[in-house]
Amino acid sequence: MAGVWLLTEPWNPRNAGLFCTMALVSLQEISIAFGGPPLLEGVSLQIDKGQRIGLLGRNGAGKSTLMKILAGQVVPDAGTVQAEAGLKIAYFSQTIPPDLEGSVFEIIARGLGQRGELMLRYHREEARLAAHPDADHRRLHQLHEQLDAHRAWSVLEEIARITTRMGLDPDADYPALSGGQKRRVLLAAALVCEPDLLLLDEPTNHLDIDSIAWLESYLLGMGQTLLFVTHDRLLLRRLATRIIEVDRGQLFDWSCDYDTFLERKQALLEAQEKEWDRFDKKLAQEEVWIRQGIKARRHRNEGRVQALLQMRAERQARREKLGTARLKLAAAQNSGTMVLEAKGLSYGYDDRPLIRDFDALIARGDKIGIIGPNGCGKTTLVRLLLGELTPQTGAVRQGTQLAIICFDQLRQQLDEDKSVWENVLPNGSTVTVDGKSKHIIGYLQDFLFTPERARTRVRCLSGGERNRLLLARLFTQPANLLVLDEPTNDLDSETLELLEELLVNFPGTVLLICHDRAFLDNVVTSTWVFTGDGAIEECVGGYQDWRRRQSEEAPEPATPKVDKKKLYQEARKAGQTRKLSFKESRELESLPARIESLEGELDVLHRQLADPAFYRHPGNVVLATKRLAELEAQHAQAFERWEHLESLGT
């Protein structure tokens with residue numbers, strides 16, 4: 001099904017070569033383009049069992065295309081894809097398919113392949129017989145036998161477990177759900193089948209913070225191979241054991257965690273810039289030489305001429321680094337010192353309180369994060385504060401000279417049938433920002449829209465491009481109060497960091513509904529947390545400050561009395577405590593020295609990879625990163641074995 005694409009049969013796309021005997025999936029010399037520069041150009045990739053790979057790259061760099069190639073949904077223009085026989089892949093798409101029908105239970109059951117389909121047929125047959133009790137029951141008995149044969153009754157338990165963890169109603173009608181709830185259903189369908197390879201494209205979009213934290217723990221504990229795209233930097237830090245970056249049509253493989261990747265990437269870019277600078281100076285000197293007078297050209301070195309032609313070709317083939325967005329926001333005149341005040345604010349639907357007896361005073365310059373489960377009332381609170389809703393009890397007072405702009409998470413302010421240009425500027429060609437006039441094309445280039453892309457209809461844009469467009473549209477207006485509802489969805493890491501910097505330096509006031517924990521920590525000065533039953537608590541600082549406060553206030557758990565004799569007897573019975581064999585004792589004695597040796601070699605490799613000069617020889621980098629991955633695996637295995645033997649001998 002679209003959105004979650006599940007393979008339960010041996011993987012065999014049209015372009016597949018012989019099945020790979022070592023890696024789960026292997027790409028070899030893959031190229032693909034869609035009418036412009038190649039998204040991927042002669043790239044190769046190997047995914048081994050147990051790896052958790054973070055896939056990074058700018059919006060539009062080709063991350064989703066790479067995932068679709070791995071899932072078999074897209075056939076590359078060139079190259080081969082090899083996969084292990086019988087490999088089961090689940091692919092969670094960034095987009096929500098528009099044509100799915102059925103209940104939440106049915107959508108998730110389809111993610112379980114044949115077992116799920118058998119259960120759905122059984123349920124439909126039960127419903128038919130309930131409506132026609134006198135009908136023939138033989139078909140139901142046959143399905144019952146098939147469910148027994150395929151051990152498919154566990155489907156009910158598996159779906160119940162995942163719907164409970166994801167906070168889903170299995171009987172709910174899928175088409176009637178909100179966009180965020182639909183993504184949760186599709187994510188549940190991808191997770192429930194426990195595939196050999198799980199491909200997740202922006203899985204945290206529209207998930208609340210509790211769901212994101214649960215997803216982290218679930219993915220860490222599942223022990224399966226994972227390739228994921230996310231803008232959530234905390235998720236990257238906790239999950240990724242390897243980083244693959246898509247940049248200018250190439251794949252850059254980093255066998256390290258996210259923070260180490262950032263350090264090594266910066267060193268690589270600096271070394272590359274120096275190398276290109278030397279190359280460009282040499283090319284400029286040769287261009288001056290070739291343009292000398294007639295006499296010099298008669299005696300010129302033909303070998304040098306050929307070398308110059310080669311340098312020209314190399315320079316022309318170079319794909320420059322993608323530009324960086326330049327976000328600027330026109331600040332209006334200062335608002336009054338008091339921006340918003342709420343007293344005794346209450347609001348709810350159908351006797352369900354969303355907001356109860358809420359008091360708040362927002363002063364100029366405050367940057368407030370608003371967090372809580374999906375549907376708890378965050379957007380309702382903001383609408384009450386802005387006067388778009390009338391409170392059922394209590395009152396809201398607004399300050400003076402407010403200039404407000406709002407960022408809508410559903411992007412309903414964008415006209416799908418109009419171009420990027422027309423959405424920002426319906427008439428004319430000049431936009432005024434912060435009192436200065438600028439041509440619309442130049443302004444849109446600040447938000448990474450090329451002149452061609454500026455004339456593209458909005459319906460053809462990616463999620464990240466739509467977010468950048470909405471920011472471009474809003475930032476033409478002067479403001480002293482920014483209200484941002486999930487502005488971080490689909491933005492790449494570099495644009496996220498720029499938006500963070502803009503908000504931190506913004507002299508006005510910010511109300512921020514956001515589930516990006518790192519973004520909250522970096523921007524807000526205080527946090528409002530929906531804690532249930534309409535209650536809202538305020539905490540100074542960001543998300544981590546709130547978590548720290550919660551852990552400090554939590555009561556110490558009572559320490560249960562341990563029957564040591566009984567515990568020892570149970571351990572003996574389970575074979576967990578016994579005397580080590582001679583061979584195991586010798587192995588235990590040798591492991592510390594082996595671990596120390598591995599750590600020494602790892603330290604040498606880390607120092608090499610931190611040296612910018614090391615990246616001048618790409619062949620050495622490939623060998624070093626491969627060796628690093630091998631050493632890290634050996635170190636983890638040796639350490640685990642040492643802990644195991646230690647526990648047996650105690």
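The coordinates are above.
Every value quoted in this text rests on a predicted model; they were computed, and no experiment measured them.

**Structural notes on the environment of arginine 52**
Inference 1: Relative to the elements of secondary structure, arginine 52 occurs in strand β4 (residues 52–57).
Inference 2: On the basis of relative accessible area, arginine 52 is assigned to the buried category, the value being 18%.
Inference 3: As for arginine 52 and isoleucine 243, which are separated by 191 residues in sequence, their C-alpha atoms are 8.6 Å apart.
Inference 4: Leave out the neighbours within four places in its chain, and arginine 52 touches Leu219, Leu220, Gln224, Leu226, Phe228, Arg238, Leu239, Ala240, Thr241 and Arg242.

**Re the sheet that holds strand β12 (residues 352–363)**
Inference 1: Strand order in the open sheet formed by three strands is β12-β11-β14, and the pairing between neighbours is antiparallel. Two strands lie at the open edges of the sheet, namely β12 and β14 (393–398), each paired on one side alone. Each strand axis lies, on average, 15 degrees off the axis of its neighbour in the sheet, ignoring direction.
Inference 2: For strand β11 (residues 338–349) and β12, the ladder comprises eight bridges, and the chain directions are antiparallel. Note that in β12 the partner of glycine 348 across the bridge is proline 353.
Inference 3: Sitting on the sheet, helix α12 (residues 378–385) is in contact with β11, β12 and β14, with an inclination near 130 degrees to β11.

**Some remarks on the pairing of strand β6 (residues 89–92)**
Inference 1: Covered by surrounding structure in β6 are Ile89 and Tyr91 together with Ala90 and Phe92, the residues of both alternating faces.
Inference 2: By the bridge criterion, four bridges tie β6 to strand β7 (residues 197–201) in an arrangement that is parallel. Its bridge partner lying in β7, alanine 90 is registered against leucine 198.

**As for the environment of glycine 57**
Inference 1: Looking at the element boundaries, glycine 57 is found in strand β4.
Inference 2: When sequence neighbours within four positions are dropped, the list of residues in contact with glycine 57 reads Lys63, Val246 and Asp492.

Conventions and cut-offs
Residues numbered from 1 in each chain as written. Predicted model: local features only at pLDDT ≥ 70, side-chain atom pairs only at ≥ 80, totals over all residues. Heavy atoms only, no water. Helix = DSSP H or I, 4+ residues; strand = E, 2+ residues; numbered from the N terminus. Buried < 20%, exposed > 50% of the residue type's maximum accessible area, 1.4 Å probe, protein only. Contact = heavy atoms within 4.5 Å. Pairing = 2+ DSSP bridges. Axes fitted to C-alpha atoms, helices over the stretch in contact; angles between N-to-C directions.

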